[in-house]
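The lines below spell out each chain.
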Amino acid sequence: MRVTRRAVLKGVLATGVGAVTGGGAYGYLYERHELEVTRATIPVIGLPPALGGLRIGLLTDIHRSRWVSHDDVAHAVTRLMEERPDLIVLGGDYVTWGDRDYVRPSADALAPLSARYGVFGILGNHDDDHDMPAALARNGVVMLKDARTRVSVNGEALDLVGVRFWTRHAADIAALLRGSTAATILLAHDPRRLAEAAALRIPLVLSGHTHGGQVVLPVLGAIAAEKFPVIAGIGRRDRTTMFVSRGVGTIYVPVRINCPPEVAVLTLQPEGGVRTA
């Protein structure tokens, strides 16, 4: 029988690790609010020297809801803006279950985001295809719904390809790559798109969706996210590097255990090493 993330996370509550006592109480009252800034240097095969040092802010899985407040999101925005990234990527899941009541509040909380080379967004599995992207676009976010855009950085072209959550076939992604430069970043909410990216020799993928497991238990680890090729942080397949953010919000249960929320600041460098802080 297939075990879903929802079943695992709800099971955590049922077995007493949940949001009532012990570690669950800490995860509910404190850890889910203890936002971290993750700084990582990301090696990218074939990255032109002119793009070395480009700093990308990644903010994903907001899940604005009754459990994820305006203050939670505003704090994440403030922390990211303090880092002054050159470019910002929003990785999807701005609300939970497409709840229209939080579409505008989510977009408004993200409105202060700005960066020299722009703010770009994709959609997650909890986002509708019209209201959420429209609300973000009104605040200046360039939404990439199975689309590609080009940014000029230090005279060098950088292509950003953004796919919807349900865009899964390599042929569909390949169609978006036609005419793209070697310096291409795939923005895909689901890290399982690593397989298609590697097959298409896309050098870098930025994702979210996993919440880092949200509940990471001693010995057992992030059992709710085992199906993903990269649960959090940096991973690699062939010539493709991936970074997966733990995100800001929560889903199914308002708890994080051994898995604090984060915003990430990623510094690109030509292939040659990985450093995190």
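What counts and what doesn't
- The residue count restarts for each chain, going from 1 along the sequence in the order it is written.
- With pLDDT at 70 or above as the cut-off, local features in this predicted model cover only qualifying residues; side-chain atom pairs require 80 or more to be listed or tallied, and sums for whole chains, interfaces and linings still use all residues.
- Just so you know, side-chain values use all the structure's heavy atoms and leave hydrogens and water out.
- Two strands qualify as a pair provided that DSSP identifies no fewer than 2 bridges between them.
- Secondary structure elements are defined from DSSP: runs of H or I of at least 4 residues count as helices, runs of E of at least 2 residues count as strands, and each element is numbered from the N terminus.
- Only protein chains enter the accessibility calculation, which uses a 1.4 Å probe; a residue whose area is less than 20% of its type maximum is buried, one above 50% is exposed, and one in between is partly exposed.
- Two residues form a contact once any of their heavy atoms are found within 4.5 Å.
- Any pair of nitrogen or oxygen atoms within 3.5 Å is treated as a polar contact; in protein, a donor-acceptor pairing is required on top of that, and neighbouring residues in sequence qualify only through side-chain atoms on both sides.
- Criterion for a salt bridge: a side-chain nitrogen of Lys or Arg within 4 Å of a carboxyl oxygen of Asp or Glu.
- Angles shown run from 0 to 180 degrees and are taken between the N-to-C directions of axes, each axis being a line fitted to C-alpha atoms and, for helices, limited to the stretch in contact.
- Roughly parallel here means an angle under 35 degrees, roughly antiparallel means over 145, roughly perpendicular means 65 to 115, and every remaining angle is called oblique.
- In a left-handed crossing the near helix is turned counterclockwise from the far helix by less than a right angle, and in a right-handed crossing that turn is clockwise.
- Gly is put with the polar residues, along with every residue not named as nonpolar or charged; the nonpolar set is Ala, Val, Leu, Ile, Met, Phe, Trp, Tyr, Cys and Pro, and the charged set is Asp, Glu, Lys and Arg.
- What we call a nonpolar core is a set of buried Ala, Val, Leu, Ile, Met, Phe, Trp, Tyr and Cys residues that are connected through their side-chain atoms within 4.5 Å.

K.L.:
In this structure, what is going on with the pairing of strand β10 (residues 233-237)? I would like to understand it.
P.N.:
Within a regular strand, the side chains alternate between the two sheet faces. Relative to strand β11 (residues 240-244), β10 runs antiparallel, the two sharing five bridges. Paired with R236 across the two strands is T241, which belongs to β11. Adjacent in sequence and paired antiparallel, β10 and β11 are bridged by two residues, among which D238 carries a positive phi angle near 55°.

K.L.:
I'm lost on the environment of T240 in this one. Help?
P.N.:
Along the chain, T240 turns up in strand β11. What makes T240 buried here is its relative accessible area of 0%. Not counting chain neighbours up to four residues away, the residues in contact with T240 comprise L194, A197, A198, R201, I202, P203, L204, V205 and G235. Polar contacts involving the side chain of T240 include one to the main-chain carbonyl oxygen of I202, which spans 2.6 Å.

K.L.:
What is the right way to look at the pattern of salt bridges in this model?
P.N.:
When the charged atoms of two side chains with opposite charge come close together, those side chains can pair. If you walk through the whole model with that rule in mind, you get 14 salt bridges. We note a salt bridge from D159 to R148, for which the minimum N-O separation is 3.8 Å. Within this pair, whereas D159 is found in strand β7 (residues 156-163), its partner R148 is found in strand β6 (residues 147-153), the two being separated by 11 residues in sequence. Residue classification places D159 among the buried residues on the basis of a relative accessible area of 0%.

K.L.:
Explain the packing of helix α4 (residues 103-110) against helix α5 (residues 131-138) to me, please; I cannot follow it from the model alone.
P.N.:
Packed helices, taken two at a time, are described by the angle their axes make and the gap between the axes. Direction vectors running N to C along α4 and α5 enclose 30°, while the axes themselves pass 9 Å from each other. If you check the angle between α4 and α5, you find them roughly parallel. In this structure, α4 meets α5 at a crossing whose hand is right-handed. Note on element contacts: α5 touches α4 through D131, M132, A135, L136 and R138, opposite V103, R104, S106, A107 and L110. Looking at the contact of α4 with α5, its residues break down into six nonpolar, one polar and three charged.

K.L.:
Honestly, the side chain of D61 in this entry has me stumped. Any pointers?
P.N.:
If you trace the backbone, D61 turns up in the loop between β2 (55-59) and α3 (70-82). Overall, D61 belongs to the buried group, its relative accessible area being 0%. Polar contacts involving the side chain of D61 include one to the main-chain amide nitrogen of H209, which spans 2.8 Å. At 3.4 Å, the side chain of D61 and the side chain of H211 are in polar contact. Contact partners of D61, with chain neighbours within four places excluded, come to G92, D93, H189, G208, H209, H211, G247, V248 and G249.

K.L.:
Can you walk me through the nonpolar core in this structure?
P.N.:
Taken as a class, soluble globular proteins show a tendency for nonpolar side chains to be buried jointly. Membership of the largest hydrophobic core comes to 28 residues, with the highest contact counts inside it found for L59, L90, Y94, L110, L113, L136 and V263. Secondary-structure elements contributing two or more residues to this core are α3, β3 (87-90), α4, α5 and β12 (262-270). Formed by 27 residues, the second largest nonpolar core is a distinct cluster that contains V89, Y117, L144 and L204.

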